[in-house]
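The chain contents come next:
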Amino acid sequence: MARDAHSSSSKLPRPRPDEAPGSVWLRGAAPARARRTLSREAIVIEAVALLDEQGIDRLTMRRLAERLNVTSTALYWHVNTKEDVLDLAFDHIFGSVEIPPLTDDWHSAVRTLLRRWRAAMLAHPWATTLVDRPMLGPNALARTEFLYAVLAGTGLTGTDLTATAQLLANYVIGTAAVESTWHRSQADPKQQSLARRRITDDEERYPTLHKAGHLDEQQASADELFEHNLGKLITCVITSQ
């Protein structure tokens, strides 16, 4: 394993495990370092790859350093804690959500943004477990700014603007979280069948759920349900003005 030339220096920054999630965005820019073999960007990219492959529970500074072929101590020139890494990786995911053009068709702009947002979170299921963190990274804020700007263009202001933006954002976050959890727990088709049988085998107790086809993936796909419900939410925004 390659060892970083700075790893034994007594001047290395010390990690602060007591810092809360989101702190990385409140400390200002990371100081420039005379480093050629490692960068914060490289750390984040490798962290996202590790998270995609193994999930949050398997992310440690030691394991991340091994993948980058440096010592664990070398990471602390660029990040203070594992929480920093998670915040940076989470914001990196938002960066993959392409912002649509800002046009007069606000309805289409909102749908496109939120559709892409959901797709990004589903592509990185671990991200849905981090939604309780402050979304203060530049990528997350840029997309939140776009959502607010589009909605403000419809005439929404003040509490109405904030509430509408939160309603739409929370719908995407909640839907992606539920879908990711469901897909993990029901990866085996047999499990899907057993889940549905919880309803069909006790029709007298759950008559409405049985009739509605609850937990029956043949009724409507997750994509179809997302688009249908998103349309209803946006329609509510229009009619409430």
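Everything discussed here concerns the structure shown above.
How each quantity is defined
Residues numbered from 1 in each chain as written. Predicted model: local features only at pLDDT ≥ 70, side-chain atom pairs only at ≥ 80, totals over all residues. Heavy atoms only, no water. Axes fitted to C-alpha atoms, helices over the stretch in contact; angles between N-to-C directions. Helix = DSSP H or I, 4+ residues; strand = E, 2+ residues; numbered from the N terminus. Parallel < 35°, antiparallel > 145°, perpendicular 65-115°, else oblique. Contact = heavy atoms within 4.5 Å. Nonpolar A, V, L, I, M, F, W, Y, C, P; charged D, E, K, R; others polar. Expected span 1.5 Å × (residues − 1). Buried < 20%, exposed > 50% of the residue type's maximum accessible area, 1.4 Å probe, protein only. Arc of directions from axis to C-beta.

1. Concerning the packing of helix 1 (residues 40–54) against helix 4 (residues 82–95)
Part 1: Remark: helix 1 packs on helix 4, axes separated minimally by 9 Å, with the N-to-C direction vectors making an angle of 80°. Put simply, helix 1 runs roughly perpendicular to helix 4. Listed contacts from helix 4 to Arg40, Val44, Ile45, Ala47, Val48 and Leu51 of helix 1 are Val85, Leu86, Leu88, Ala89, His92 and Ile93.
Part 2: Considered class by class, the residues forming the contact of helix 1 with helix 4 number 10 nonpolar, 1 polar and 1 charged.

2. Quick word on helix 1
Part 1: The end-to-end C-alpha separation of helix 1 is 21 Å, in line with the 21 Å expected for 15 residues at 1.5 Å each.
Part 2: Looking at helix 1, one finds that the buried residues are Ile43, Val44, Ala47, Val48, Leu50 and Leu51. Along the axis of helix 1, the buried positions cluster into a sector of 165°, meaning they face one direction only. Structural note: helix 1 exposes Glu41 and Glu53 on the side pointing more than 90 degrees away from its buried face.
Part 3: Structurally, helix 1 contributes buried residues whose contacts are with helix 2 (61–68), helix 3 (72–75) and helix 4.
Part 4: Where helix 1 ends, the next residue or the one after it, Gly55, has phi of about 85°, a positive value.

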